[in-house]
Amino acid sequence: MSEIDWDSLTFSLTQTDWMYMVKCKLGDAWTPGKIMPYGPFEIYPAAGVLNYGQGIFEGMKAHKTINDRVVIFRAEQNARRFQTGADRLGMPPVPESIFLDAVEQVVAANKKWVPPSGKGALYVRPLLIGTGPIMGVAPAPEYTFLVYVTPVGPYFKGGLSCINLIITDEYHRAASGGSGGVKAIGNYAPGMMPSKNAKKNGFAEVIYLDAEFHKYIEEVGAANFFCVKDNILYTPELTGTILPGITRDSIIQLARKQGYEVIEEKVSAEFAMDADEAFCCGTAAVISPIGSITHGDKKKTYSNGDIGPITQELYNLLSGIHSEEEEDQFGWLHEVDLDLNLNLD
Ligand SMILES: Cc1ncc(COP(=O)(O)O)c(C=O)c1O
């Protein structure tokens, strides 16, 4: 019945049928929005988002499980991070209940686009942007909250295969006191050129170091970093320059439940390149094992380029929860009511 070849899904945009939209004037309270056909909308040339980058986004996934349910993973965490981001960028935060309602409605309206269990997921993209016109750097007078979805496959080519990364000494993602700790739209374009150069040289992504000491690992493009040494997991501590990933938090909880020690502290490139295993993680990347890291003229290859045992164990657990092959011990899944009574225009 579907027009898509689910087996060849990649992490890219496929246009779906419905989106959710609502506007709110600065100083007013948010009210629930509406589901409408997915498509372009009008925007003022002087919109705050176009001129000053006043915007944030989120990313989460809805999975079809082996029990034929459609579940969203920890969306309330995304709702909270969206509020922190709105605050940081001077925008009126969207109430959690409106955010969660919007996400559920868009997934239900686009239910035919949820890939079968094991073939991928429906990626949900909420946006909050300053759409009111403004001249001079100041908060826009009006905001638009919208949510759209697209079916996606693996983020890195090759699915669960090891990726090769390169540490950049030339570029940084974020500095202390900036916006690195929130999902500000402006954080992402500056990473495109370094990432493109890395890909040209055969690497899947760049690893960013901290902007102060140029020594400690911050993030892998748009994913968080972990390494394993002597059966202990290490991940960079959240200092405000790193995005507090929901997958990162889930892995910390899962690993501790499995009996592993997890240490959140500064992780130097030198330490990471002496570890036994390394992986990066995020909603898009899930858990992607790192085969090698190159830094200047040094190259570290992990587990002979194979997936390390702890990386594999955590991947199986996390993706098992997504598909309900593993028990949802932490209550992370929220079932979407696919028969929601939607007011479709
Ligand atoms: C910069 C950055 N780091 C890390 C992540 C991983 O966060 P999460 O696990 O919440 O998707 C993302 C993606 O959202 C990101 O954009």
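Parameters at a glance
Residues numbered from 1 in each chain as written. Predicted model: local features only at pLDDT ≥ 70, side-chain atom pairs only at ≥ 80, totals over all residues. Heavy atoms only, no water. Near = heavy atom within 4 Å. Polar contact = N/O pair within 3.5 Å; in protein donor to acceptor, adjacent residues only side chain to side chain. Areas by Shrake-Rupley, 256 points an atom, 1.4 Å probe, with all protein chains shown as cover. Nonpolar A, V, L, I, M, F, W, Y, C, P; charged D, E, K, R; others polar. Helix = DSSP H or I, 4+ residues; strand = E, 2+ residues; numbered from the N terminus. Contact = heavy atoms within 4.5 Å. Axes fitted to C-alpha atoms, helices over the stretch in contact; angles between N-to-C directions. Parallel < 35°, antiparallel > 145°, perpendicular 65-115°, else oblique. Left-handed = near helix turned anticlockwise from the far one by under 90°. Phe/Tyr/Trp six-rings, centres within 6.5 Å; stacked < 30°, edge-to-face > 60°. Buried < 20%, exposed > 50% of the residue type's maximum accessible area, 1.4 Å probe, protein only.

All right, on to the site of the ligand then. The local shell around the ligand holds 15 residues, among which Lys183, Tyr188, Glu219, Thr247 and Thr283 are the closest. Within the side chain of Tyr188, an N or O atom sits 2.5 Å from an oxygen atom of the ligand. In this structure, an oxygen atom belonging to the ligand sits 2.8 Å away from a main-chain N or O atom of Ile246. Protein contact buries 96% of the 380 Å² of open area that the ligand shows by itself. Residues of the shell around the ligand, tallied by class, amount to five nonpolar, six polar and four charged.

With respect to the element layout, Arg69 can be found in the loop between β4 (60-64) and β5 (70-73). Distance from Arg69 to Gly33, taken between C-alpha atoms, is 25 Å for residues 36 residues apart in sequence. Sequence-distant contacts of Arg69, that is, excluding residues within four places in its chain, are made with His63, Lys64, Glu324 and Glu335. At 2.7 Å, the side chain of Arg69 and the side chain of Glu324 are in polar contact. Side-chain polar atoms of Arg69 contact the side chain of Glu335, separated by 2.7 Å.

As a further point, take the packing of helix α5 (residues 246-257) against helix α7 (residues 309-323). Think of two packed helices as two axes; the pair is described by the angle between the axes and how far apart they sit. At a minimum axis separation of 11 Å, α5 and α7 run at an interaxial angle of 115 degrees. With respect to their mutual orientation, α5 and α7 come out roughly perpendicular. By crossing handedness, the relation of α5 to α7 is classed as right-handed. Across from Thr247, Ser250, Ile251, Leu254 and Ala255 in α5, the residues of α7 making contact are Leu314, Leu317, Leu318 and Ile321. For the contact of α5 with α7, the residue count by class is seven nonpolar, two polar and no charged.

It is worth spelling out the packing of aromatic side chains at this point. Applying the stated criterion across every chain yields a total of 13 aromatic pairs. Aromatic side chains Phe73 and Trp332 sit 5.5 Å apart centroid to centroid with 80 degrees between the ring planes, which places their arrangement in the edge-to-face category. Placement of Phe73 in strand β5 and of Trp332 in the loop between α7 and β17 (333-335) is noted, with a sequence separation of 259 residues between them. The class for Trp332 is buried, based on a relative accessible area of 4%.

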